[in-house]
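# Chains, contacts and geometry: an overview
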Amino acid sequence: MASLEQLIQQNINPFDPTTFKPGNFWKELQNQDQEVSSIHQGVIDSVEETLAALVRDRQTRTLMLLGDSGSGKSHLLGRLKRQLNDRACFAYVGPWPDSQFIWRHVLRQTVDSLLEIPDGQSDPQLIRWLKGLEIFKKKGFAKRLMGERGVFIRDLRASFPTGLYQAKEFFGVLYDLLNPDLRMLAYDWLRGEDLDEEDLKLLRVNRSVESEDAAQKMLGNFGRIADSTQPIVICFDNLDNIPNLPNGKPDLQALFNVNSTIHNEGLNNFLILVSIITSNWRNNNGTVNHADLARVNQKLVLRTITLDQAEALWKSRLHSLHMQTDPPPSSPIAPLTRAWLEHYHPGGKVLPRVALMLAEQLIRYFKQAGKLPNIPEKQPVSSKPHAKPADVPDVPDNLRASFELVWQKEFKEVGRSLTRIAQFSSPELIRRLQEVLEALAVENIQLAVLPSPKYGSYSLGYQRSERVGVVWTEDGSLTAFCSVMKACQKMTAQRDCLYLIRSGRLGTLKNRGYQIFQDIFEADEHIHIKPDLASVQYLETYHRLVNAAAGGELVVGSKIPHVPQLQALIRESQVLDDCSLLQQLEIVNSATHETVETVTASKPRDGSGGDREPVKPPSYVEAAQRYILNLMATQFMIGMQTVIESTQEQVPAMSVDEMDNLIQSLCQTNRIRMLDPNANRENQLLCWVPA
């Protein structure tokens with residue numbers, strides 16, 4: 001078996017910072033093997049006790065989770081979901097794009113979460129929750145139910161005779177959740193999609209959930225029927241990227257209005273968890289009404305951890321490497337030593353992320369030097385538990401390569417979870433586009449430029465050589481589309497160029513909305529763009545990184561960039577240059593990333609050995625090449641087998657032969673070096689060659 005030193009050189013740094021970023025616990029799965037149960041266990045116990053009390057009396061409660069950046073708030077929410085998901089449904093609610101749409105945002109993200117399938121289960125939370133109703137426990141009811149929609153509605157209305165919003169339609173749509181042919185349409189209605197008349201007829205409902213009042217009442221419906229099934233835990237996270245008030249302060253009052261309404265209107269069976277950075281809360285809680293603050297039942301603080309717990313974190317990350325050595329190392333944290341923790345944190349306390357970042361720097365040094373550096377004799381200038389450790393000597397940090405790895409990992413995860421543009425509302429899409437335009441230094445961005453009180457948040461404007469307006473509407477309702485088109489008609493007098501972004505139906509010649517669309521967008525100066533899913537994945541990837549950066553949760557190499565630094569990295573790396581939507585808006589040019597010709601591409605097909613024009617490799621080969629170069633730049637030294645496995649995970653289209661050719665090509669052009677070409681693949685080491 002290999003030595004620990006060899007294993008560390010061959011493998012990706014076990015403290016790879018791309019694994020640090022927390023987020024939506026349904027989208028970004030956490031590695032349970034790296035969990036230290038004692039960290040913040042008191043907070044978890046308090047939440048568990050509160051949930052148990054809620055189950056007993058059905059009274060809604062609100063808890064605040066306060067902690068510094070890097071204390072593990074989002075990670076804790078994921079732990080709570082895993083440990084308590086058998087007793088409650090869990091919903092993750094991120095920042096809302098417009099406070100005028102906050103109820104619809106909460107409803108949409110709650111239903112989206114209820115569509116998720118918990119580990120070890122076969123049904124989504126919502127179906128499991130629905131089957132928990134008393135009506136399903138009646139002997140023989142499940143068999144009698146199939147095909148008898150009216151029986152289902154009648155029995156549920158008898159069970160819940162008062163207090164439900166649009167009870168008949170609501171129960172009818174719940175029934176449709178059990179029909180695979182109507183399930184997605186039923187989900188869309190419950191989450192507040194503005195559906196077309198044909199879809200409404202299929203569901204046998206009269207109208208969509210298209211207002212704040214309707215969304216509030218629909219959420220209340222879930223709470224009321226939860227009396228017969230499991231409560232719902234709604235987790236508000238990433239509150240550092242919510243809309244601002246005119247005075248520049250974050251609009252926390254909008255969230256606490258929602259919370260107070262849930263309490264005041266008697267919407268029972270909810271546990272509200274509000275996760276927020278301590279300094280953000282301290283600086284802005286004065287903007288929240290005292291009466292609304294009184295609706296918070298308890299504040300729970302995530303404090304710094306002990307050095308024993310930090311050492312346990314290191315052990316959990318190094319365990320898989322230690323298991324491959326024989327004999328195992330004498331220390332469970334080898335090659336690291338506790339002395340480094342004691343040197344930087346003599347007070348005995350440290351934030352979890354700070355401990356992980358120190359370990360990453362030490363392992364990075366170890367990969368290059370084969371040993372740890374000497375511990376400095378002097379104490380660091382700052383030995384606070386919240387302070388990021390000083391750079392370990394002589395460790396290069398390729399910030400751009402580190403960022404591109406973070407981007408590539410996030411983009412791949414978004415691609416797995418984002419399968420249709422309609423997952424986002426129009427205000428959410430405009431918000432994501434706004435963030436990208438800000439990152440690309442577009443000038444004079446204005447929000448809500450569409451002259452419509454209802455649909456203004458579907459739009460933005462900016463300045464280039466002309467006044468540009470952008471309207472993005474994905475509502476399925478052609479009635480809503482007609483209203484947006486009428487507003488666009490008024491807007492043409494205010495904007496030199498108007499872009500309409502819409503992937504959905506436009507209607508036919510008999511529809512008034514389509515007629516107006518033709519009048520506007522058949523003119524040369526105004527343009528209709530039909531976005532592709534990949535473009536929305538680019539926007540969503542950046543949105544997730546903005547959320548993390550705004551809360552000080554994004555780690556790139558040894559840096560913690562805030563939003564302005566993230567924007568600079570976006571521009572420098574040009575990762576958005578391949579986004580088709582941004583190209584059509586003329587915000588970016590088509591990407592011209594550096595490519596390396598593969599070995600197979602350089603050989604003439606006729607076998608003559610003569611010269612010929614190079615063959616451009618497929619786009620996925622370019623993506624794999626970029627990933628390998630970024631990986632090598634940040635890891636310095638790594639095993640060839642690890643490079644192949646990691647790259648294939650990131651770019652599944654790559655075959656092993658193509659991977660071999662690409663690596664050989666990079667070696668021939670002196671981008672990387674193979675240290676022992678005669679070794680078998682498992683023992684071959686690749687080394688980064690700096691430019």
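Residues numbered from 1 in each chain as written. Predicted model: local features only at pLDDT ≥ 70, side-chain atom pairs only at ≥ 80, totals over all residues. Heavy atoms only, no water.

### Observations concerning the overall build of the protein
Note the threshold: Secondary structure elements are defined from DSSP: runs of H or I of at least 4 residues count as helices, runs of E of at least 2 residues count as strands, and each element is numbered from the N terminus. Between the two quantities, the radius of gyration covers C-alpha atoms and the globule rule is 2.2 Å times the number of residues to the power 0.38. Throughout this description, buried means an accessible area under 20% of the type-specific maximum (1.4 Å probe, protein chains only), exposed means over 50%, and partly exposed covers the range between. Whether two residues touch is decided by their heavy atoms; if any such pair falls within 4.5 Å, the residues are in contact. For every accessible area listed, the method is Shrake-Rupley and the probe measures 1.4 Å; residues are considered covered only by the protein chains on display. Neither His nor the chain ends is counted toward charge; the positive residues are Lys and Arg and the negative residues Asp and Glu. For this purpose, a charge sits on NZ of Lys, CZ of Arg, CG of Asp or CD of Glu.
Helix and strand content of the protein: 27 helices and 15 strands. Computed over C-alpha atoms, the radius of gyration of the protein comes to 28 Å, within 12% of the 26 Å expected from 2.2 N^0.38 for 691 residues, which places it in the range of a compact globule. The buried share among the 691 residues of the protein stands at 58%. Within the protein, contacts between residues separated by at least 24 positions form 73% of all contacts whose residues are at least 6 apart in sequence. Element-wise, carbon and sulfur atoms account for 47% of the exposed surface of the protein, whose accessible area totals about 29400 Å². Side chains of the protein carry 75 positive and 82 negative charges; the gap between the two charge centres is 6 Å.

### Here we look at the environment of Ser503
Looking at the element boundaries, Ser503 is found in the loop between strand E11 (497–501) and helix H21 (512–521). A relative accessible area of 24% places Ser503 in the partly exposed class. Here the alpha-carbon distance between Ser503 and Ile421, two residues 82 residues apart in the chain, equals 8.0 Å.

### Comments concerning the side chain of Ser457
Tracing the sequence through the fold places Ser457 in the loop between strand E8 (443–447) and strand E9 (459–463). What makes Ser457 buried here is its relative accessible area of 11%. Residues in contact with Ser457, not counting those within four places in the same chain, are Asp98, Phe101, Pro427, Ile430 and Ala448.

### Focus: the sheet that holds strand E3 (residues 232–236)
We count it as follows: Two strands are said to pair when DSSP picks up at least two bridges between them. Only the contacting stretch of a helix is used when fitting its axis, a line to C-alpha atoms as for every element, and angles between N-to-C directions run 0 to 180 degrees.
An order of E2-E3-E4-E1-E5 is seen for the five strands of this open sheet, with the pairing classed as parallel. Strand pairing shows two members of the sheet lacking a second neighbour, strand E2 (89–93) and strand E5 (298–302), which therefore form its edges. Along the sheet, successive strands turn relative to each other by an average axial angle of 20 degrees, direction set aside. Here strand E1 (residues 61–67) pairs with strand E4 (residues 270–277) via seven bridges, running parallel. Looking at the pairing, Leu66 lines up with Ile276 of E4. The strands that helix H4 (residues 102–114) touches are E2 and E3; relative to E2, the one it contacts most, it runs at about 135 degrees.

### Digging into helix H2 (residues 41–57)
Basically, it comes down to this: Any helix carries an expected span of 1.5 Å times its number of residues minus one.
For H2, with 17 residues, the first-to-last C-alpha span of 25 Å sits near the 24 Å given by 1.5 Å per residue. Taken as a whole, H2 has its buried residues at Val43, Ile44, Ser46, Val47, Thr50, Leu51, Ala53 and Leu54. Residues of H2 that are buried in the fold lie against E1, helix H3 (73–84), E3, E4 and E5. Phi turns positive, to about 65 degrees, at Arg58, one or two residues after H2.

### Section: helix H17 (residues 352–369)
Spanning 18 residues, H17 covers 26 Å between terminal C-alpha atoms, matching the ideal 26 Å at 1.5 Å per step. For H17, the buried fraction is high: 16 of the 18 residues fall into the buried class. One or two residues past the end of H17 sits Gly370, with phi positive at roughly 80 degrees.

### Describing the packing of aromatic side chains
We apply this condition: Any Phe, Tyr or Trp ring, taking Trp's six-membered ring, that has another such ring centre within 6.5 Å forms a pair; planes under 30 degrees apart are called stacked, those over 60 apart edge-to-face, and the others tilted. Placement of a charge over a ring requires the Lys NZ or Arg CZ to be within 6 Å of the ring centre, with the centre-to-atom vector within 35 degrees of the ring normal.
Evaluated as defined, the whole model comprises 18 aromatic pairs. Judged by centre distance (6.5 Å) and plane angle (50 degrees), the ring pair of Phe481 and Phe517 falls under tilted. In this pair, Phe481 is assigned in helix H20 (residues 478–491) and Phe517 in helix H21, connecting sequence segments 36 residues apart. Across the pair, exposure class does not vary: Phe481 and Phe517 are buried alike. One aromatic cluster is present, formed by Trp129, Phe160, Phe170, Phe171 and Phe222 through successive ring pairs. Lying across the ring of Trp26, Lys81 places its NZ or CZ 4.2 Å from the centre. In this arrangement the basic side chain of Arg432 is found over the ring face of Phe424, its NZ or CZ atom lying 4.4 Å from the centre.

### Section: the confidence of the model for the protein
Just so we agree on the cut-off: Each residue carries a pLDDT score, the predictor's confidence in it, ranging from 0 to 100.
For the protein, per-residue confidence averages 89 on the pLDDT scale, and 92% of positions sit at 70 or higher. Below pLDDT 50 for its whole length, residues 595–616 participates in 32 contacts with residues either more than four positions away or in separate chains.

### Considering the packing of helix H8 (residues 167–176) against helix H9 (residues 183–190)
Here is the rule: Less than a right angle of anticlockwise turn of the near helix away from the far helix marks a crossing as left-handed, whereas a clockwise turn marks it as right-handed. Ten residue types, Ala, Val, Leu, Ile, Met, Phe, Trp, Tyr, Cys and Pro, are classed as nonpolar, four, Asp, Glu, Lys and Arg, as charged, and the remainder, Gly among them, as polar.
With their axes 8 Å apart at the nearest point, H8 and H9 run at an angle of 145 degrees to one another. Helix-helix and strand crossings are classified by hand; for H8 and H9 the assignment is left-handed. The segment H8 lies against H9, with Glu169, Phe170, Val173, Leu174 and Asp176 engaging Arg183, Ala186, Trp189 and Leu190. Its residues assigned to classes, the contact of H8 with H9 comprises six nonpolar, no polar and three charged.

### Considering unusual backbone geometry
At the junction of Asp326 and Pro327, the peptide bond is cis and its omega measures out at 0 degrees in the coordinates. Assignment of secondary structure puts Pro327 in the loop between helix H15 (307–322) and helix H16 (338–344). Here the amide bond leading from Ala334 into Pro335 is cis, since omega sits at 5 degrees, within 30 degrees of zero. In this structure, Pro335 sits in the loop between H15 and H16. For Ala448, which is not glycine, the phi dihedral falls at a positive 55 degrees. As for its placement among the helices and strands, Ala448 is situated in the loop between E8 and E9. Despite not being glycine, Glu586 shows a phi value in the positive range, around 60 degrees. With respect to the helices, strands and loops of the structure, Glu586 is situated in the loop between helix H24 (580–584) and helix H25 (619–635).

### Thoughts on the sheet that holds strand E13 (residues 637–639)
One open sheet holds the three strands; their spatial order is E13-E15-E14, and the pairing between them is antiparallel. Each edge of the open sheet is held by one strand with a lone partner, namely E13 and strand E14 (672–674). Sheet twist, expressed as the average angle between the axes of neighbouring strands with direction ignored, equals 25 degrees. Taken together, the three bridges between E13 and strand E15 (residues 685–688) define a ladder with antiparallel strand orientation. The residue bridging Met637 from the neighbouring strand is Cys687, located in E15.

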